[in-house]
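A closer look at the structure
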Amino acid sequence: MTYYVASGVENAARVNEAAARLNALGHTRTYDWTRHGSVAAAPPGKKEQVALTESRAVAEAELVLLLLPGGRGTHAELGLAIATAAQKRRILVFSESSAPFAGADGFCVFYHHPAVTRVVCSFEELLARLPSLI
């Protein structure tokens with residue numbers, strides 16, 4: 001199974017931990033955005049290249065794992081995943097707190113889209129539960 005892990009740049013270490021777990025399970029990452037991190041200060045051509053590459057990576061992924069908290073880019077990736085969810089894509093949105101799902105602290109209505117599975121637990125538990133969630 002191919003996968004993409006979306007999150008804020010500040011969560012890059014967790015993104016790579018989740019990717020390592022998925023790789024160990026035999027899955028393939030469509031793109032590793034943590035290699036370049038934020039491109040906010042990059043030239044326009046680099047920003048365009050990253051936007052296109054990340055969009056393709058989300059569209060190609062059979063699993064999109066979103067680790068909260070995330071920023072605008074993370075939520076754009078969630079939108080792309082939902083928009084192409086009919087392609088048998090699994091979308092997991094993870095938070096250590098139920099607050100973003102309950103209408104507080106970072107709420108997003110699209111966390112409640114029918115294509116999305118919300119997961120609330122510790123990050124360590126998420127890593128342990130990944131085989132049963134996918």
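The text that follows walks through the structure, step by step, so that each part is easy to find. Quantities reported herein were computed from a predicted structural model and do not represent experimental measurements.

For strand 3 (residues 63-67), the tally of buried residues reaches 5 of 5 residues, placing the bulk of the element in the interior. Taking every second residue as pointing to the same face, both faces of strand 3 are buried, with Leu63, Leu65 and Leu67 on one and Val64 and Leu66 on the other. When strand 1 (residues 2-7) meets strand 3, the two strands line up parallel, connected through 5 bridges. If you follow Ala6 over to strand 3, its bridge partner there is Leu66. Direction of pairing for strand 3 relative to strand 4 (residues 90-95): parallel, over a ladder of 5 bridges. Counterpart to Leu63 in the pairing with strand 4 is Arg90.

Right, let's talk about the pattern of salt bridges for a bit. Side chains that differ in charge, positive against negative, can pair when their charged atoms come close. Under the definition given, this model contains 4 salt bridges. Its salt-bridge partner being Arg14, residue Glu96 comes within 3.3 Å of it at the nearest N-O pair. Remark: Arg14 occurs in helix 1 (residues 12-24) and Glu96 occurs in the loop between strand 4 and strand 5 (116-120); sequence separation between them is 82 residues. Where Asp32 meets Arg29, a salt bridge forms, and the shortest distance between an N and an O atom there is 3.2 Å. Like Asp32, the residue Arg29 is buried in the burial classification. Sharing partners across several salt bridges, the network here consists of Arg29, Asp32 and Arg35.

Right, let's talk about the sheet that holds strand 2 (residues 28-29) for a bit. Across the sheet, 5 strands lie side by side as 2-1-3-4-5; this open sheet has parallel pairing. Two strands in the sheet have a free side with no partner beyond their single neighbour: strand 2 and strand 5.

As a further point, take helix 4 (residues 123-133). For helix 4, the set of buried residues is Phe123, Leu126, Leu127, Leu130 and Leu133. Taken around the axis of helix 4, the buried residues stretch over an arc of 120 degrees, which confines them to a single face. Opposite the buried face of helix 4, at more than 90 degrees from it, the exposed residues are Glu124, Ala128 and Ser132. Buried positions along helix 4 lie against helix 1, strand 3, strand 4 and strand 5.

Our focus in this paragraph is the nonpolar core. Counting 38 residues, the largest nonpolar core has Tyr4, Leu65, Leu67, Leu78, Val93 and Leu126 as its most contacted members. For this core, the secondary-structure elements that each account for two or more residues are strand 1, helix 1, helix 2 (44-60), strand 3, helix 3 (72-83), strand 4, strand 5 and helix 4. Residues contacting Leu67, with those up to four places away along its chain left out, are Val5, Ala6, Ser7, Asn11, Arg14, Val15, Ala18, Phe94, Phe123 and Leu126.

Residue placement: Arg21 occurs in helix 1. Under the relative-accessibility criterion, Arg21 is labelled partly exposed at 28%. Along the chain, Arg21 and Asp105 lie 84 residues apart, while their C-alpha atoms are 28 Å from each other.

Cut-offs and rules
- Residues numbered from 1 in each chain as written.
- Predicted model: local features only at pLDDT ≥ 70, side-chain atom pairs only at ≥ 80, totals over all residues.
- Heavy atoms only, no water.
- Buried < 20%, exposed > 50% of the residue type's maximum accessible area, 1.4 Å probe, protein only.
- Helix = DSSP H or I, 4+ residues; strand = E, 2+ residues; numbered from the N terminus.
- Pairing = 2+ DSSP bridges.
- Salt bridge = Lys/Arg side-chain N within 4 Å of Asp/Glu carboxyl O.
- Arc of directions from axis to C-beta.
- Contact = heavy atoms within 4.5 Å.
- Core = buried A, V, L, I, M, F, W, Y, C linked by side-chain atoms within 4.5 Å.

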